[in-house]
Amino acid sequence: MAGAAVQGTAHLARGQGCQDAFKAVGLGGAAVLAVADGAGARERSALGAHIAVDTACRVLAEGVPRAEDAPEVWTGWIAAAGARVVEDYLRTVEGVLSAVPAPGGPVKADALASTLAAAVLRPPWVAFLSVGDCFGTVLTREPAGAGPGAGTRERCHLVLPPPAPGAPETVFLSSPGAALRLRSFVLWEPMLSGVVLATDGCASLTLDHPSVRELPPEAGPLPSERFFCGLAATLRANGGDAEPLRALLSGPGAARTGDDLTVLCALTDGR
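What you see is a predicted model; the values in this text were computed from it and never measured. Each chain carries its own residue numbering, running from 1 in the written order of its sequence. Only residues with pLDDT of at least 70 get local features here, since the model is predicted, and only at 80 or more are side-chain atom pairs given and counted; chain-wide, interface and lining totals rely on the full set of residues. Hydrogens and water molecules were not included; the side-chain quantities draw on all heavy atoms of the structure.

*Asks:* I keep staring at the side chain of Asp 20 and nothing clicks. Help me out?
*Replies:* Strands here mean DSSP runs of E at least two residues long; helices mean DSSP runs of H or I at least four residues long; both are numbered from the N terminus. By the element assignment, Asp 20 lies in strand E2 (residues 20-26). Separated by 2.9 Å, the side chains of Asp 20 and Thr 199 make a polar contact. Polar contacts, as used here, are pairs of N or O atoms within 3.5 Å; protein pairs need one atom able to donate a hydrogen and one able to accept it. Residues neighboring in sequence count only if both atoms are side-chain atoms. Within polar-contact distance, the side chain of Asp 20 engages the side chain of Thr 262 at 2.9 Å. Every residue pair with non-hydrogen atoms within 4.5 Å of one another is taken to be in contact. In this structure Asp 20 touches Ala 36, Asp 37, Gly 38, Ala 49, His 50, Thr 199, Asp 260, Leu 261 and Thr 262, once residues within four positions along its chain are discounted.

*Asks:* Would you mind going over the pairing of strand E12 (residues 261-267) with me for this structure?
*Replies:* Both faces of the sheet carry side chains from a regular strand, because those side chains alternate between them. The buried fraction of E12 amounts to six of the seven residues, a majority that puts the element mostly inside the structure. Strand direction decides the pairing type here: strand E9 (residues 192-198) and E12, joined by five bridges, are antiparallel. Looking across to E12, one finds that Val 195 is bridged to Ala 266. In this scheme, a residue with accessible area under 20% of its type's maximum is buried, one over 50% is exposed, and one in between is partly exposed, where area comes from a 1.4 Å probe on protein chains only. At least two DSSP bridges between two strands are needed for those strands to be called paired.

*Asks:* It is not clear to me how unusual backbone geometry should be interpreted in this structure. Could you clarify?
*Replies:* Note: most peptide bonds trans; most residues except glycine with negative phi. The peptide bond linking Pro 123 to Pro 124 adopts the cis configuration, its omega dihedral lying at 10°. Inspection of the secondary structure assignment puts Pro 124 in the loop between strand E4 (114-122) and strand E5 (125-131). With a phi close to 60°, Glu 214 is a non-glycine residue in the positive phi region. As for its placement among the helices and strands, Glu 214 is situated in the loop between strand E10 (207-208) and strand E11 (222-223). Looking at Glu 214, the relative accessible area reads 75%, which means it is exposed.

*Asks:* Teacher, can you tell me more about helix H2 (residues 45-60) here?
*Replies:* Side chains of residues three or four places apart in an α-helix project in the same direction, reflecting 3.6 residues per turn. Across its 16 residues, H2 extends 22 Å between first and last C-alpha, which sits within 8% of the 22 Å expected from 1.5 Å per residue. Residues of H2 that are buried include every one of Ser 45, Gly 48, Ala 49, Ile 51, Ala 52, Val 53, Thr 55, Ala 56, Cys 57, Val 59 and Leu 60, and no others. If you follow the buried residues of H2, they end up packed against E2, strand E3 (31-38), helix H3 (71-99), E4 and E5. Helices are assigned an expected span. That span is 1.5 Å times one less than the residue count.

*Asks:* Explain the state of the cysteines to me, please; I cannot follow it from the model alone.
*Replies:* As used here, a disulfide is simply a covalent bond connecting the sulfur atoms of two cysteines. The term disulfide is used for any two cysteine sulfur atoms that are within 2.5 Å. Within this structure, the stated rule accounts for zero disulfides. Between Cys 202, a free cysteine, and Cys 134, which holds the nearest cysteine sulfur, the sulfur-to-sulfur gap is 9.0 Å. Cys 202 gets classed as buried once you look at its relative accessible area, which sits at 0%. Of all cysteine sulfurs in the structure, the one in Cys 156 sits closest to Cys 229, which takes part in no disulfide; the separation is 4.2 Å.

*Asks:* Honestly, the sheet that holds strand E1 (residues 2-6) in this entry has me stumped. Any pointers?
*Replies:* In sheet architecture, strand pairing relies on hydrogen bonds along the backbone and comes in two forms, parallel and antiparallel. Strand order in the open sheet made by the five strands is E1-E12-E9-E6-E7, with antiparallel pairing throughout. Edge positions in the sheet fall to E1 and strand E7 (152-160), since each of these pairs with one other strand and no more. For this sheet, the mean inter-axis angle between neighbouring strands, taken without regard to orientation, is 15°. Two elements, strand E6 (residues 135-143) and E9, share six bridges in a ladder whose sense is antiparallel. Residue pairing across strands places Thr 137 opposite Val 196, the latter belonging to E9. In this description, a line fitted to the C-alpha atoms serves as the axis of each element, helices being fitted only across the stretch in contact, and the angle between N-to-C directions of two axes falls anywhere from 0 to 180 degrees.

*Asks:* Explain the packing of aromatic side chains to me, please; I cannot follow it from the model alone.
*Replies:* Aromatic ring pairs are reported here in terms of the distance separating the ring centres and the angle at which the planes meet. The rule is short: rings of Phe, Tyr and Trp, with Trp giving its six-membered ring, pair when the centres are within 6.5 Å, and they are stacked under 30 degrees, edge-to-face over 60, tilted in between. This structure, assessed with the given rule, holds four aromatic pairs. Between Trp 74 and Trp 77 the ring centres are 6.1 Å apart and the planes differ by 85°, which places this aromatic pair in the edge-to-face class. Of this pair, Trp 74 and Trp 77 both sit in helix H3, three residues apart, roughly one helical turn. Residue class for Trp 74 comes out buried when judged on its relative accessible area of 0%. Between Phe 227 and Phe 228, the aromatic rings sit 5.2 Å apart at their centres with planes inclined by 80°, giving edge-to-face as the arrangement.

*Asks:* Help me out: how do you make sense of the environment of Glu 154 in this one?
*Replies:* Looking at the secondary structure, you find Glu 154 in strand E7. Distance in space between the C-alpha atoms of Glu 154 and Phe 228 is 9.5 Å, their sequence separation being 74 residues. Residues contacting Glu 154, with those up to four places away along its chain left out, are Leu 139, Thr 140, Arg 141, Ser 193, Cys 229, Ala 232 and Arg 236. For Glu 154, the side chain forms a polar contact with the side chain of Ser 193, separated by 2.5 Å.

See the structure below:
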């Protein structure tokens with residue numbers, strides 16, 4: 001597992017700290033990943049993002065189904081766990097706000113507004129939950145050809161896309177009815193080789209326009225194989241050192257977004 005969060009150039013220009021957060025927890029044969037993006041205009045959203053990833057990892061580390069469990073066990077578990085994440089997040093935020101009185105009167109939970117994406121890996125299963133505009137990609141290892149010595153090739157698939165342009169206003173964990181607007185789903189993928197979560201500031205760096213593959217605009221964004229598969233190959237080669245990932249998020253290609261950038265990756269094998 002490897003992750004990095006980099007302060008966006010627009011945040012740096014305004015003297016604003018990084019409002020993203022990430023966290024990963026290893027559970028032996030399983031792992032939990034979480035990334036969160038604090039709302040840029042909210043005064044305490046960086047704290048909200050840290051509470052979000054802490055809450056998600058704590059809740060999702062409990063009672064993870066077995067690899068041999070049925071699909072309905074996995075779907076029921078992630079849906080219930082997602083509702084608990086929102087509930088526990090709001091409870092923690094309210095506790096923090098009541099414990100630290102603010103000058104000028106009470107601070108509302110919306111001051112800590114944050115989005116969240118989380119994934120639980122227990123190969124061949126991956127369970128996802130999301131509130132807001134973070135996105136997720138899975139990596140698979142597939143045969144590179146028909147012959148016995150053809151080897152394998154890694155592919156990337158955008159399974160948790162960001163909202164489409166023109167979508168309704170971003171939903172945060174503190175938004176009214178957030179639990180009802182939470183997305184949760186599971187994948188069974190025997191060729192699974194990794195999962196990558198990212199905050200929305202990474203979209204221009206990691207996602208390609210469909211025209212790159214001669215597809216119509218309605219096909220939506222596509223994951224960049226150069227970014228995702230290249231990142232996986234680099235992490236496997238260097239034993240999981242996150243410094244090359246940080247360099248990618250700090251390079252010229254990332255600067256044009258202006259937003260904070262966070263990527264968290266878990267690979268299921270070292271091949």
